[in-house]
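Next come the chains, spelled out residue by residue.
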Amino acid sequence: MKTLSFHPTDPNEGACIPSADMGKSATTKVLLRQPRSEDGVVVHQLVKNCPPLDENSIYCNLLQTSHFAGTSIVAEIDKQLVGFASGYLVPERPDTLFIWQVAVTQEGRGQGLAWHMIQGILRRPNCIHVRNLETTITPVNTASEALFRSVARRFGSTFYATVMFERERHFQSLHDSKWLLRIGLGNNPVPRLNSTSSQQG
Ligand SMILES: CC(C)(COP(=O)(O)OP(=O)(O)OC[C@H]1O[C@@H](n2cnc3c(N)ncnc32)[C@H](O)[C@@H]1OP(=O)(O)O)[C@@H](O)C(=O)NCCC(=O)NCCS
């Protein structure tokens, strides 16, 4: 498997070249950056190709890549979009970053891309006051749960889950219940990798 090295266009994106990777030669450069509205359609395609994610309208993706660009991120390899994470600061609770969706292409998976994108958002100056990370998952999505369990573990945090949108009450049985996951980041809004996580990238 190729080794990825992460390069932000902005130092606040949280560049991270895992120490275990530095000596290896076959390194693929991943660019992490804030999305632009011009990314909207490509983001739409990426999400569409990442079941079981809900596909949003292109218009929604355009808003994510413009109004919510400050709390969203894209990952590129050779100018091809390989990852996208959307998020926003919860209205009335600006200390909470809600991660809306995380999508990584099939080929890009299992190499720390999702983790680096989440970290990249949290390192931005506009997230300096963030103390909690929230997201929703459907329990059948084991990858999603594993990702956020891993994020919680990396922060040394508890992993707290409650039903947020119920299958019958909110979705009229059109969708499985969505569970709200809450991960406390403590007083350390900028994640600092410990020795174990830096190896994992
Ligand atoms: C879920 C998804 C975003 C993960 O992306 P990724 O770049 O492969 O994730 P990472 O490599 O950063 O992995 C982070 C952690 O999640 C775990 N993980 C990721 N995918 C997993 C899977 N399919 N099964 C079990 N664990 C998984 C990794 O093992 C890692 O944990 P670790 O630190 O204990 O090793 C990707 O598989 C995807 O796009 N899936 C389809 C869309 C989706 O379901 N998104 C869910 C989030 S809204």
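Everything quoted here is computed from the prediction, not taken from an experiment.

So, about the site of the ligand. Within the structure, the ligand sits among 24 residues, and Gly110, Gly112, Asn141, Ser150 and Arg153 are positioned closest to it. Trp115 places a polar main-chain atom, nitrogen or oxygen, 3.0 Å from an oxygen atom of the ligand. In the environment of the ligand, an oxygen atom lies 2.7 Å from a nitrogen or oxygen atom belonging to the side chain of Ser150. Those elements giving two or more residues to the shell around the ligand turn out to be strand S5 (93-104), helix H3 (113-122) and helix H4 (142-154). When residues in the shell around the ligand are grouped by element, the largest group, 7 residues, is from H4. Of the residues assigned to the shell around the ligand, the class counts are 13 nonpolar, 8 polar and 3 charged.

It is worth spelling out the pattern of salt bridges at this point. Applying the stated criterion across every chain yields a total of 8 salt bridges. Glu134 is the partner of Arg93 in a salt bridge, and the nearest nitrogen-oxygen pair spans 3.0 Å. With Arg93 in strand S5 and Glu134 in strand S6 (residues 132-137), this pair connects stretches of sequence that are 41 residues apart. For Glu134, a relative accessible area of 3% puts it in the buried group. Between Arg167 and Asp176 there is a salt bridge, with its nearest N and O atoms 3.0 Å apart. Classification of Asp176 as partly exposed rests on a relative accessible area of 35%. Within the structure, one salt-bridge network assembled from shared partners comprises Arg33, Asp39 and Glu76.

Cis rather than trans, the peptide bond between Pro51 and Pro52 has omega equal to 10°. Considering the arrangement of structural elements, one finds Pro52 in the loop between helix H1 (40-48) and helix H2 (58-64). Residues other than glycine seldom take positive phi values, yet Glu92 does so here, at roughly 75°. Despite not being glycine, Ser173 has its phi angle at roughly 65°, a positive value.

A word on the packing of aromatic side chains. Pairs of aromatic rings are described using the distance from one ring centre to the other and the angle between the two planes. This structure, assessed with the given rule, holds 6 aromatic pairs. Ring geometry for Tyr88 and Trp100: centres 6.0 Å apart, planes at 85°, overall edge-to-face. You can see Tyr88 sitting in strand S4 (residues 80-90) and its partner Trp100 sitting in strand S5, a full 12 residues away along the chain. Members of the aromatic cluster, connected to one another through ring pairs, are Phe68, Tyr88, Phe98 and Trp100.

Here is what the cut-offs are and how they apply
The residue count restarts for each chain, going from 1 along the sequence in the order it is written. Reporting of local features is limited, given that this is a predicted model, to residues whose pLDDT is at least 70; pairs of side-chain atoms are given and counted only at 80 or more, and all residues count toward the totals for whole chains, interfaces and linings. As a rule here, side-chain values cover all heavy atoms of the structure and leave hydrogens and water aside. It suffices for a single heavy atom of a residue to lie within 4 Å of a molecule or strand for the residue to be listed as near it. Counted as a polar contact is a pair of N or O atoms within 3.5 Å, where, for protein atoms, one must be capable of donating a hydrogen and the other of accepting one, and residues adjacent in sequence contribute only when both atoms are in side chains. Helix and strand assignments follow DSSP, with helices taken as H or I runs no shorter than four residues and strands as E runs no shorter than two, numbered in order from the N terminus. Under the convention adopted here, Pro, Cys and the residues Ala, Val, Leu, Ile, Met, Phe, Trp and Tyr are nonpolar, Asp, Glu, Lys and Arg are charged, and Gly plus all remaining residues are polar. Between Lys or Arg on one side and Asp or Glu on the other, a salt bridge is scored when a side-chain nitrogen of the former is within 4 Å of a carboxyl oxygen of the latter. Using a 1.4 Å probe on the protein chains alone, a residue whose accessible area is under 20% of its type maximum counts as buried, one over 50% counts as exposed, and one in between counts as partly exposed. Two rings belonging to Phe, Tyr or Trp (six-membered ring only in the last case) form a pair when the distance between their centres is within 6.5 Å. Interplanar angles under 30 degrees mark stacking, angles over 60 mark edge-to-face geometry, and anything in between is tilted.

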